[in-house]
Every structure is written in C-alpha cells, then in structure tokens.
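So the chains spell out like this:
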Amino acid sequence: MTAIGAASLLTASASQSLAPIGLFDSGVGGLSVYQHLAKALPNERFVYFADTLNVPYGSRDSTEIQALTLSAVDWLCQQGCKLIVIACNSASAYGLTAARLTYPNLPIVGLVPALKPAVLASQSRQVAVLATKATLSGALLNQVITEVAIPNQTQVIKYFDPELVPWVEAGMPMTSSTAKRLGRQLLDFSDHQVDHIVLGCTHYPFFKAFLNAEIAKNQLAMTVIDSGQAIAERVHYLLLQSNMIAPPHQKRLQNQAPLPLAFYASKMDSHTKSLVQRLLGSKFCITFL
Ligand code: DGL
C-alpha cells in the first residue's frame with residue numbers, strides 16, 4: 001500500500017469513528033438499552049428512532065414487522081450511523097436477518113431475550129420469559145430454547161400480556177390493572193418454582209424496579225434478568241474490532257455528562273417528549289429531532 005493509500009484509509013476510519021450509533025425500537029423501550037450503551041460508551045453520539053406511529057409491533061405479523069424494521073434501519077443509515085442496534089426483540093425476531101442482508105457492510109446488532117444466562121443460573125430449572133407474541137414465536141428465541149434450555153433440562157414458561165407495552169408507553173400508571181396483574185403473575189411463577197424471570201422486551205426493564213419491589217415484598221426467590229448490559233458489551237467489542245470507537249473530545253473531558261441523545265419519533269407529541277425525559281431521568285440530555 002502507498003503512503004497516500006494508507007493516509008486516506010486512516011481518514012476514512014477516523015471520520016467513521018465520529019459517526020453516531022443508531023438505535024431503533026417500536027417505541028420508547030429501546031431507551032432501556034440506550035442507558036447501558038451511554039454508560040459503557042460515553043464518547044459516542046447516539047441517534048434514536050422510535051416508531052411511535054406503529055407501536056406496538058408485538059401483535060403484528062412477521063411480514064409487517066420486517067417491513068417496518070427495514071424502513072427504520074434505512075432511516076438510521078441515512079443519518080450516517082456507523083453501527084445500528086435493533087433495540088427491539090420483536091423487530092429483531094423478524095427483521096434482523098433481512099436488515100443484515102440489505103446492509104452487508106454495516107454492523108447491525110439485534111436482541112434476543114437473555115434466556116441463556118437465566119438457564120445456566122437456574123437452580124429450580126424453571127424459568128419464565130416475558131415477551132411479546134412475536135418474540136415468543138420467533139426463531140431466535142426458540143433456537144435458544146432448543147440449544148440451551150432443553151439440553152439443560154430447563155422448562156421455559158412463555159408469558160405474554162398484550163397490555164405491557166402500551167402500559168409502559170402510557171408512563172406505567174400504578175393504578176392500572178396491568179400493574180396488579182403483573183404482581184399476581186409473579187406469585188403464579190413462584191407457585192411454579194420459577195427462579196429466573198427474563199425480560200424479553202426492551203420496554204420491560206422500565207418496570208424492573210416494580211418487579212423487584214414485589215419480589216421483596218412477597219419474599220420470593222427470583223432474579224430478574226434483561227439484555228441491556230450484554231448488548232452494550234457486544235457493541236463495545238464490535239467498535240473496537242472495527243477500529244470505530246469515538247475518541248474522547250474536549251467538552252467531555254471537562255463535563256462528564258452523557259452527550260445529548262438525538263431522538264426522533266415517527267409520531268412526536270408532548271406526551272412522547274415528557275415520557276422520554278421521565279424514563280431517562282435528569283442525567284440525560286435529549287435533543288428532539
Ligand atoms: N420493545 C419491543 C420489544 O423488545 C416492543 C415490541 C412492541 O412494540 O410490541 O419487543
């Protein structure tokens with residue numbers, strides 16, 4: 001390689017490292033993944049696409065979910081993202097393979113419920129996966145059941161409540177019947193000796209504190225698991241491997257607050273804006289596009 005060739009390659013990778021990471025979810029759920037990413041990768045810029053016009057995805061058919069996923073990934077590509085996280089288990093179940101085929105040169109990370117660590121840690125060999133109908137019937141999760149749960153003689157209880165995603169999108173009012181149903185469901189899991197609960201939808205970590213409080217109140221022996229941390233580690237690894245980690249910049253050296261999140265929603269209104277702000281808390285700064 002000539003010196004000029006090497007220099008232009010270096011410039012290309014330097015400019016790529018400054019490009020944002022794209023995140024996509026049907027709604028605000030993917031923000032639970034963003035929280036882990038922003039903590040693990042504080043120098044990165046993030047662009048978030050929430051398809052609030054079409055949420056929830058979980059009860060839609062596979063063709064529809066795939067088409068919606070491809071158009072969201074396409075939008076994030078147009079924003080110049082260097083890596084995309086499909087921060088939605090339902091969209092990953094039906095759109096991840098198609099997205100990777102459409103953009104073969106772009107790293108795309110998808111989500112699958114964190115069943116494997118739950119199975120490996122379970123003493124009772126009974127675990128429950130809470131997810132959407134789409135995720136529960138998708139190939140990604142069922143492959144983990146076949147390859148990990150069955151060989152470990154672990155029974156997987158699949159639990160689906162169509163009201164959970166709308167409840168989070170509504171800001172999780174505690175007076176709602178959904179909260180009461182969720183509390184009762186924990187007791188039911190306990191009656192079935194379930195010792196690990198997998199949150200297989202990115203909306204659900206927003207009620208993890210509620211679940212843990214119910215578990216403590218009823219003295220249940222249960223651990224709640226989600227995928228956020230593992231996804232942040234995977235993204236970190238991929239960026240290192242492809243030499244695309246963003247360098248620290250001056251502003252951040254003085255002020256350690258996370259960089260502002262660029263948030264775009266297919267249907268933006270004042271409810272969405274205040275919900276995003278509330279879910280992320282005051283530590284995060286958001287720019288609404
Ligand atoms: N956050 C999405 C997931 O992880 C929610 C799906 C939906 O919109 O129903 O599956």
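All figures in this text were calculated on a predicted structure; none of them were measured in a lab. (Residues numbered from 1 in each chain as written. Predicted model: local features only at pLDDT ≥ 70, side-chain atom pairs only at ≥ 80, totals over all residues. Heavy atoms only, no water.)

Time to look at the site of the ligand. Every one of the 14 residues lining the ligand counts as a neighbour, but S26, Y57, G58, S90 and T202 are closest to it. In this structure, T202 approaches the ligand through a side-chain N or O atom, which is 2.7 Å from a nitrogen atom. One of the side-chain N or O atoms of H203 is found 2.8 Å from a nitrogen atom in the ligand. Burial of the ligand by the surrounding chains reaches 99%, relative to a free accessible area of 300 Å². Class assignment of the residues belonging to the shell around the ligand gives a composition of 6 nonpolar, 7 polar and 1 charged. (Near = heavy atom within 4 Å. Polar contact = N/O pair within 3.5 Å; in protein donor to acceptor, adjacent residues only side chain to side chain. Areas by Shrake-Rupley, 256 points an atom, 1.4 Å probe, with all protein chains shown as cover. Nonpolar A, V, L, I, M, F, W, Y, C, P; charged D, E, K, R; others polar.)

We now examine the sheet that holds strand β9 (residues 261-265). What the 6 strands build is an open sheet, ordered β4-β3-β1-β2-β9-β10; its pairing is parallel. Each edge of the open sheet carries a strand with a single partner, namely β4 (108-109) and β10 (286-288). Judged from the 2 bridges that link them, strand β3 (residues 83-86) and β4 form a sheet pairing that is parallel. Bridge pairing in β4 places I84 opposite I108. (Pairing = 2+ DSSP bridges. Helix = DSSP H or I, 4+ residues; strand = E, 2+ residues; numbered from the N terminus.)

To continue, consider the sheet that holds strand β8 (residues 223-225). The parallel open sheet is built from 4 strands, whose spatial order is β6-β5-β7-β8. Of all the strands in the sheet, just β6 (155-159) and β8 have a single pairing partner and so form its edges. Neighbour-to-neighbour, the strand axes of the sheet open up by a mean angle of 25 degrees, direction not taken into account. With 4 bridges joining them, strand β5 (residues 126-130) and strand β7 (residues 196-199) adopt parallel strand pairing. Among the inter-strand pairings, V127 is bridged to a residue of β7, identified as H196. (Axes fitted to C-alpha atoms, helices over the stretch in contact; angles between N-to-C directions.)

Nothing here speaks to function; it is geometry throughout.
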